[in-house]
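Understanding the architecture of this molecule
What follows is the residue order along each chain.
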Amino acid sequence: MTARIAILISGRGSNMATLIDAALSDDFPGTVELVLSSHEDAGGLTLAREAGIEAVAVPRKTYKGKVAFEAAMTEYLTRAKIDFICLAGFMRVLSPDFVTQWQGRMLNIHPSLLPLFPGLHVHEQALDAGVALSGCTVHLVTPDLDAGPIVGQAAVPVLPGDTPETLAARVQKAEHLLYPAAAARCLSGEIGSAPITEQSGDILLSLC
Ligand code: GRF
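These notes cover the structure that comes with them. This is a predicted model, so every value here is computed, not measured.

**Regarding the overall build of the protein**
Counting secondary structure elements, the protein contains six helices and nine strands. For the protein, the C-alpha radius of gyration of 16 Å lies close to 17 Å, the compact-globule estimate for 208 residues. Projected onto its principal axes, the C-alpha positions of the protein cover 45 × 35 × 30 Å. By the burial criterion, 48% of the 208 residues in the protein qualify as buried. Surface accessibility of the protein: about 10000 Å² in total, with carbon and sulfur atoms responsible for 57%. Charge-centre separation for the protein: the mean point of 14 positive side chains lies 8 Å from the mean point of 22 negative side chains.

Structure representation (structure tokens):
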């Protein structure tokens, strides 16, 4: 079965763009049908529309509370018959009710090797801790923030002189490799079959 995917964003949408691209391939077990943004000025909305995808702003600030905001998103998701969600830089914490409704069918990407450095200011946290490797994680979303089952991770080196910006740029390259691969693996039900590890330049990618 081919999944109908929605991508939820808040900003520039570079991970969204790689998912849209990957899903154009016949081999990919899903199609991107909808992009929702919590911010009306998100650059990703324009990118998605240029790719011919329905892209809608559901600005959080125009709703009285989280319940109304999530109800609005649910309306769009239901109307587009979405059965799988990819969070890609979506800067809102979803309610346990919403998450439970999508549990097992919603992925997130986080720019660290979880369980290290959950939350915000991730690259600052990594540099302060003095780690030699950082990277990114794709995980299923559960009500606990950045703590759901890991689907895949990609590691990159932390180099002398790195700033949060230079490290973020290196990690983002890894994100763009990891997210489509991890989403495809999850959608095709292959998690846990035979772990895959690949090296691409200075990126080491591993899928559970
Ligand atoms: C990425 O670093 C992702 O890991 C985090 O938010 C950022 C989104 O970047 N959750 P982009 O909008 O996909 O470029």
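That was the structure; now back to the text.
**Let's talk about the sheet that holds strand S5 (residues 106-110)**
Judged by pairing direction, the sheet is mixed, and its nine strands sit side by side in the order S3-S2-S1-S4-S5-S6-S7-S9-S8 without closing on themselves. On the outer flanks of this sheet lie strand S3 (54-57) and strand S8 (196-200), each paired with one strand and no other. In this sheet, adjacent strand axes meet at a mean angle of 20° when their direction is disregarded. Two strands pair when backbone bridges link them, and strand S1 (residues 3-9) and strand S4 (residues 84-87) are joined in this way by four bridges, in the parallel orientation. Bridging across to S4, Ile 7 finds its partner in Cys 86.

**Concerning the pairing of strand S7 (residues 150-157)**
Sheet topology places strand S6 (residues 133-140) next to S7; seven bridges connect them, and they run antiparallel. Within the sheet, the bridge partner assigned to Thr 137 lies in S7 and is Gln 153. Here four bridges tie S7 to strand S9 (residues 203-207), and the two strands are oriented antiparallel to one another. Of the residues in S9, the one forming a bridge with Ala 155 is Leu 204.

**Section: the packing of aromatic side chains**
By the definition in use, this model includes two aromatic pairs. A ring pair is formed by Tyr 63 and Phe 69, whose centres lie 6.2 Å apart and whose planes are at 50°; its orientation type is tilted. Look at Tyr 63 and you get partly exposed, because its relative accessible area is 26%. Pairing Phe 69 with Phe 90 gives two aromatic rings, centres 6.4 Å apart and planes at 5°, and the pair type is stacked. Within this pair, whereas Phe 69 is found in helix H3 (residues 66-79), its partner Phe 90 is found in the loop between S4 and helix H4 (96-102), the two being separated by 21 residues in sequence. Residue class for Phe 69 comes out buried when judged on its relative accessible area of 2%.

What counts, and where the lines are drawn
- Residues numbered from 1 in each chain as written.
- Predicted model: local features only at pLDDT ≥ 70, side-chain atom pairs only at ≥ 80, totals over all residues.
- Heavy atoms only, no water.
- Helix = DSSP H or I, 4+ residues; strand = E, 2+ residues; numbered from the N terminus.
- Rg over C-alpha atoms; globule rule 2.2 N^0.38 Å.
- Buried < 20%, exposed > 50% of the residue type's maximum accessible area, 1.4 Å probe, protein only.
- Areas by Shrake-Rupley, 256 points an atom, 1.4 Å probe, with all protein chains shown as cover.
- Lys, Arg positive; Asp, Glu negative; His and termini not counted.
- Charge placed at Lys NZ, Arg CZ, Asp CG, Glu CD.
- Pairing = 2+ DSSP bridges.
- Axes fitted to C-alpha atoms, helices over the stretch in contact; angles between N-to-C directions.
- Phe/Tyr/Trp six-rings, centres within 6.5 Å; stacked < 30°, edge-to-face > 60°.

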